[in-house]
Amino acid sequence: MASEANAIPTYPIRDVARLTGINPVTLRAWQRRYGLLKPARTEKGHRLYSEDDISTIRYILHWLEQGVSIGQVKSLLDTPTPEVSGSNWQQAQAQLLDSAMALNLGRLEAEVLELASLYPAELVLRKVIEPWLLALAQLHRPDAQLIEQSARALLMRLLQQMLTIKSGPVLAVARVGQVLAQHALLTQFELQGLECRSLDLGVLDPHTLPLAVGRLKFDALVIVLGAGLSQSWFLDADAVLPERCFYVGELGTLYQQQGWLNRPFSVCVSDIKREHDASFSLV
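Our subject in this report is the structure included herewith.

Cut-offs applied
Residues numbered from 1 in each chain as written. Predicted model: local features only at pLDDT ≥ 70, side-chain atom pairs only at ≥ 80, totals over all residues. Heavy atoms only, no water. Helix = DSSP H or I, 4+ residues; strand = E, 2+ residues; numbered from the N terminus. Rg over C-alpha atoms; globule rule 2.2 N^0.38 Å. Buried < 20%, exposed > 50% of the residue type's maximum accessible area, 1.4 Å probe, protein only. Contact = heavy atoms within 4.5 Å. Lys, Arg positive; Asp, Glu negative; His and termini not counted. Charge placed at Lys NZ, Arg CZ, Asp CG, Glu CD. Pairing = 2+ DSSP bridges. Arc of directions from axis to C-beta. Phe/Tyr/Trp six-rings, centres within 6.5 Å; stacked < 30°, edge-to-face > 60°. Right-handed = clockwise from strand over helix to strand, strands pointing away. Polar contact = N/O pair within 3.5 Å; in protein donor to acceptor, adjacent residues only side chain to side chain. Core = buried A, V, L, I, M, F, W, Y, C linked by side-chain atoms within 4.5 Å. Salt bridge = Lys/Arg side-chain N within 4 Å of Asp/Glu carboxyl O.

## Some details on the overall build of the protein chain
Here is step 1: The helix and strand inventory of the protein chain stands at 14 helices and eight strands.
Here is step 2: Compactness check: the protein chain gives a C-alpha radius of gyration of 20 Å against a globular reference of 19 Å for 283 residues, within 12% of the reference.
Here is step 3: Looking at the protein chain as a whole, 46% of its 283 residues qualify as buried.
Here is step 4: Considering only contacts in the protein chain between residues 6 or more positions apart, those separated by 24 or more positions represent 66%.
Here is step 5: Measuring between centres, the 26 positive side-chain charges of the protein chain sit 7 Å from its 29 negative side-chain charges.

## Some details on the sheet that holds strand E3 (residues 47–49)
Hydrogen bonds between backbone atoms are what pair the strands of a sheet, whose relative direction is either parallel or antiparallel.
Here is step 1: The strand order across the open sheet formed by three strands is E1-E3-E2, and the pairing between neighbours is antiparallel. The open sheet is flanked by strand E1 (11–12) and strand E2 (40–41), the only strands paired with a single partner.
Here is step 2: Pairing of E1 with E3 involves two bridges; the strand directions are antiparallel. When the bridges of E3 are listed, Pro-12 appears paired with Leu-48.

## Side note on helix H11 (residues 231–238)
Here is step 1: Buried within H11 we find Trp-233, Phe-234 and Ala-237. Here the buried residues of H11 occupy an arc of 95° about the axis, which is enough to place them on one side. For H11, the exposed residues set more than 90 degrees away from the buried face come down to Leu-235 and Asp-236.
Here is step 2: Those residues of H11 hidden inside the fold are in contact with strand E4 (170–176), strand E6 (220–225), strand E7 (245–248) and helix H12 (252–257).

## Some points on the packing of aromatic side chains
Here is step 1: In this structure the tally under the stated criterion is seven aromatic pairs.
Here is step 2: Taking 6.1 Å as the distance between ring centres and 75° as the angle between the ring planes, the aromatic pair formed by Tyr-59 and Trp-63 counts as edge-to-face. Taken together, the residues span about one helical turn, with Tyr-59 and Trp-63 both in helix H3 (residues 51–65) at a distance of four residues.
Here is step 3: Accessibility expressed as a relative area gives 34% for Tyr-59, which makes it partly exposed.
Here is step 4: Three or more aromatic residues joined by ring pairs form one cluster here, namely Trp-233, Phe-234, Tyr-247, Tyr-255 and Trp-260.

## Quick notes on the sheet that holds strand E8 (residues 265–266)
Here is step 1: The strand order across the open sheet formed by five strands is E5-E4-E6-E7-E8, and the pairing between neighbours is parallel. Looking at the sheet topology across the chains shown, the edges are occupied by strand E5 (197–203) and E8.
Here is step 2: Bridge count for E6 against E7 is four bridges, and the pairing is parallel. Residue Val-222 lies in a different strand from E7, and its bridge partner there is Phe-246.

## Notes on the pairing of E7
Here is step 1: Burial of E7 is two-sided: the residues Cys-245 and Tyr-247 facing one way and the residues Phe-246 and Val-248 facing the other way are all buried.
Here is step 2: Pairing analysis gives two bridges linking E7 to E8, with the strands arranged parallel. Bridge pairing links Val-248 to Ser-266 in E8.
Here is step 3: The parallel pair E7 and E8 is bridged by H12, and the resulting crossover is right-handed.

## Here we look at the side chain of Ser-87
Here is step 1: Among the structural elements, Ser-87 can be located in the loop between helix H4 (70–77) and helix H5 (88–101).
Here is step 2: A polar side-chain atom of Ser-87 sits 3.3 Å from the main-chain amide nitrogen of Gln-90.

## Describing the nonpolar core
Here is step 1: Residues Leu-27, Trp-30, Leu-64, Ile-70, Ile-129, Trp-132 and Leu-136 are the most contacted members of the largest nonpolar core, which totals 51 residues.
Here is step 2: Among all residues touching Leu-64, those that are not within four sequence positions of it are Trp-30, Ser-69, Ile-70, Val-73, Trp-89, Tyr-119, Pro-120 and Leu-123.
Here is step 3: Counting 21 residues, the second largest nonpolar core, distinct from the first, contains Ala-172, Ile-223, Phe-234 and Ala-237.

## So, the side chain of Glu-195
Here is step 1: Along the polypeptide, Glu-195 turns up in the loop between helix H9 (181–193) and E5.
Here is step 2: A distance of 2.5 Å separates a polar atom in the side chain of Glu-195 from a polar atom in the side chain of Arg-14.
Here is step 3: In contact with Glu-195, not counting residues within four places along its chain, are Arg-14, Ala-17, Arg-18, Asn-23, Pro-24, Ile-165, Ser-167, Gly-168 and Pro-169.

## Notes on the pattern of salt bridges
Here is step 1: Under the definition given, this model contains nine salt bridges.
Here is step 2: Its salt-bridge partner being Glu-190, residue Arg-126 comes within 3.0 Å of it at the nearest N-O pair. Of this pair, Arg-126 sits in helix H7 (residues 121–137) while Glu-190 sits in helix H9, placing them 64 residues apart in sequence.
Here is step 3: Accessibility expressed as a relative area gives 3% for Glu-190, which makes it buried.
Here is step 4: Between Arg-263 and Asp-238 there is a salt bridge, with the nearest N and O atoms lying 2.8 Å from each other. Separated by 25 residues along the polypeptide, Arg-263 in the loop between H12 and E8 and Asp-238 in helix H11 bring together distant segments of the chain.
Here is step 5: One salt-bridge network, in which partners are shared between bridges, spans Arg-126, Glu-130 and Glu-190.

Structure representation (structure tokens):
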């Protein structure tokens, strides 16, 4: 049984978002649509969460990571030994792919927005969006290029629209090497899920970076790594990079194996948050 202290509501929704990685919009949706959370209210109507509520959120995350849909979680929370079959993530990927191949952009938009509102950004990206983008790139049919381009354009537009956070640390995002602009935008979306605002610096220019650091006043710089970089690039860049600077991107694993990375690196920013939390200023 939970202790009385654990049941005392003391955390506002922004603090809960930073502690759990679930943004306030999603927390409210879990409460209103599925009754998964029952936070207390202040006299002014603001939500307050307890330690027990935070434990429940983490338990919900456990099931989501296993591929359980958010609509199925409530019954599992009250079941001592629940049995789960199938994967919500595979179903979501299939739905997005079907909508894209049918060029039904209205349905595709609704499906993407639904996922973004109900699930943490990191899970949506790793479990659905990234595998879906890969599947689009591997289509072999006469209209494959049309399908992929229209779906990617829609996704990029929606991600831009969803970058609405107004508070939290400010992270500048830049890309280097041979890497698509969409990877920077996906990073920005994931940062918003971590309660961080972001600035898109585009392709990193080491010559103008000191001006950006002085004028834009961001808290840290995240660099999305692409192909084609050399050891000398990393050595030259290190002289102008700000103190709080992080590398992300799958290709970074190759540069790391070469011993060229002299700044913290992880494949995604959520891993950076977990591994370098103090210097990343996320909580």
